[in-house]
Amino acid sequence: MVTKSNVGMDVDLGGIAMRNPVNTASGTFGNGRQFEGFYDVGSTLGAITCKGVAAEPWKGNPVPRIAELGGSAILNSVGLQNPGVKEFVRQYGTYLQGLRDKGCAVICQVAGHSVEEYVRAMDLFEELAPFASGFEINISCPNIAAGGAAMGATPQSAAGVMRAVRGHTKRPVVVKMAPRDVAEIGRALESEGADALALINTIPGMSIDVRTRRSKVCRPTAGVSGPAIHAIAVRMVWECAQAVGIPICGIGGISTVDDAAEMILAGATAVSVGTANLYDPTVAARIVRGLEQWASEQGVSHVRELIGAFEC
Amino acid sequence: MTSEHPFEVLTNAHVTKDIWCMTCHTPVAAQIEPGQFVNIAVPGDASHILRIPLSFSAADAQRQTLELVYAVVGEGTSRLSAMRPGEVSTMVGPCGRGWWLPKKSGRALLVAGGVGLPPVVACARMLARSGVGFDAIVGSQTSDRHVEFLLDELRNMPPEQGCDCARKVVVTTDDGTRGIHGFPTDAMAGLMADHPYVQVYTCGPLGLMGGVARIARKRNVACQTSLERMMGCGFGACSCCNVELVSGEYALCCKDGPVFDAEEVAW
Ligand SMILES: Cc1cc2nc3c(=O)[nH]c(=O)nc-3n(C[C@H](O)[C@H](O)[C@H](O)COP(=O)(O)OP(=O)(O)OC[C@H]3O[C@@H](n4cnc5c(N)ncnc54)[C@H](O)[C@@H]3O)c2cc1C
Ligand SMILES: Cc1cc2nc3c(=O)[nH]c(=O)nc-3n(C[C@H](O)[C@H](O)[C@H](O)COP(=O)(O)O)c2cc1C
Ligand code: FES
């Protein structure tokens, strides 16, 4: 029998108030609406993070964009296909405002090829997206030729993007980080005014069809995600949490309640479910319920007591 | 709306060569339209995480049964073929946009290749139900890769209203071991010369569908095509199943398709 627990589950992701720690990873949850047939997104999740959107439309990469790797991992090279901020707001604004009204935070992800493009997208969002609880700056996409992961590759370049966008919004800014040098880059982002960090993005990888000698996706290298990367992601969240004072959203291979709980113990304030949404579309809703159960079993009165409660 | 449904295997039998047929009990059968598909979670091996997208050949809304005909080509379909009656799992569906009826009144031509046949049989049922007449060309690599019971279903569906013209079901094989020696496109010219079709429906290998679309276009006949893509989700959440359109834009196979107006596709 399931008894209703009295554990507090609300968390604060750098000024983004979440009713529970469960968020969704950008690019793996559509913009929420695609999941309404599976469960009531707005009254279930703590937050959703929308697909990365740039100032102008981006076409994205050619086919094939995804491959099953076996070993509980997939490879993707979508290349941030998006309709641009204006069209995104036209298509999803009303729906996303509805999520806010139901108590679910909405994080809009900002993409760009250059510092100027991030700023332009940020300005458009500021003007057109009153429904956004906060923004996530994507400086870690491995699947585009310019910008993306290149912008997040060094503490200097990452800080440069953060410095540029900081003056353009008063709402909370999360930075989506690549799986590299997370302590050092995290500190640089914190010192430029980032309100929170989200990590990790996909891990750069390759997969070759040995019969055709071609990449299994449209580019030689692409992003690896799924349960296989979870242990790496937990380690990086832990390293980053040791280095910074701002909250972290833990991402990478979360497919069970225990995976999410592990992230919290490693130091994550919130967690984002990614690839698992694609093949198990109700998983994020189950993790919401399961985390509460776990916190209750741990004997705490609030889930916040478990953030970083890992005992070495 | 696309949702997750349980299913229970009723039968799962080897048909011929690498081809299998599964019937299952699932509530999605009451909602799904011809040409739409389901995305199946195959139990047994957590290391392959993505679902298997499959079209269906028949759906019985009343009895809530779905018939799937599939080729075993790899890890996922091989595990699917190992599912026994009584075993349960889930399927996501109904997915995508299916076939639509011809915009003009008249006869339709169905062209299927290989395991493109199941959704074409579902299309034939839709046409028969609406009183639209059709002929069909069904191709396969070799004689024993034809799915005989689906060919029979095409032949035995009720004839169209007010017309006593016999339905033609033409069989082709790439190696000439049965029917016309060649590809289904080789059989199209003959049929199209004899009949003023108003609509072509096609599903099969990409090269075949491109060829069918070209011939239809040359003769000014509308053509619908059911495309395949590697899929991440099957319901528009990941943008992994892009289809390039002549407009230069990308559509999503799982949401805007799998059935497209062949005129819009950048072959
Ligand atoms: C909308 C849709 C409807 C489909 N309907 C049917 C059907 O009715 N009957 C049927 O037999 N097959 C159908 N397919 C193809 C079927 O989904 C694939 O054959 C299956 O996913 C292969 O999985 P696997 O793990 O066995 O193969 P893998 O081990 O992953 O790969 C084996 C081979 O199959 C190819 N393949 C893998 N995934 C797909 C895919 N999504 N589409 C096409 N080829 C793929 C690979 O490129 C490789 O050559 C459909 C596909 C789509 C997208
Ligand atoms: C199909 C796909 C599309 C993605 N698109 C984006 C994106 O637009 N922006 C982004 O920051 N991350 C994107 N990601 C990365 C995820 O948000 C996440 O960081 C990564 O997949 C690791 O988590 P996971 O293993 O739980 O999927 C994408 C991942 C996948 C699989
Ligand atoms: S398969 Fe995910 S959008 Fe089509």
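Residues numbered from 1 in each chain as written. Chains lettered and ligands numbered in written order. Predicted model: local features only at pLDDT ≥ 70, side-chain atom pairs only at ≥ 80, totals over all residues. Heavy atoms only, no water.

Peer 1: Would you take a moment to explain empty space enclosed by the protein for this structure?
Peer 2: It is a probe the size of a water molecule, rolled over the atoms, that shows where empty space is left. By the definition in use, this model includes 2 cavities of 30 Å³ or more. As a volume, the largest cavity reaches approximately 470 Å³. Sorting the residues of the lining of the largest cavity by element identifies strand S6 (73-76), strand S14 (222-225), strand S16 (270-273) and helix H7 (276-279) of chain A as the ones contributing at least two each. Residue contributions to the lining of the largest cavity peak at 3 residues, all from H7(A). Considered class by class, the residues forming the lining of the largest cavity number 19 nonpolar, 19 polar and 2 charged. Lining the second largest cavity, in full, are B:Gly114, B:Leu117, B:Val138, B:Gly139, B:Ser140, B:Arg145, B:His146 and B:Val147. It is strand S9 (residues 134-140) of chain B that provides the largest number of residues to the lining of the second largest cavity, a total of 3 residues. A class-by-class count of the residues in the lining of the second largest cavity yields 3 nonpolar, 4 polar and 1 charged. (1 Å grid on protein atoms, 1.4 Å probe; cavity = no way out; pocket = protein on both sides within 12 Å on 5 of 7 lines; lining within 4 Å. Points joined across faces, edges and corners; volume = space filled by probe spheres on them. Helix = DSSP H or I, 4+ residues; strand = E, 2+ residues; numbered from the N terminus. Nonpolar A, V, L, I, M, F, W, Y, C, P; charged D, E, K, R; others polar.)

Peer 1: Hey, could you run me through the sheet that holds strand S16 (residues 259-261) of chain B in this one?
Peer 2: Paired through backbone hydrogen bonds, the strands of a sheet run either parallel or antiparallel to each other. Residue and element names in this part refer to chain B. Taken in spatial order, the 7 strands of this open sheet run S11-S10-S9-S8-S12-S13-S16, and their pairing is mixed. The two strands at the open ends of the sheet, each matched to only one other strand, are strand S11 (180-181) and S16. Pairing of strand S8 (residues 107-113) with strand S12 (residues 197-203), which is carried by 6 bridges, proceeds in the parallel orientation. Note on S12: the bridge partner recorded for Leu109 is Val200. (Pairing = 2+ DSSP bridges.)

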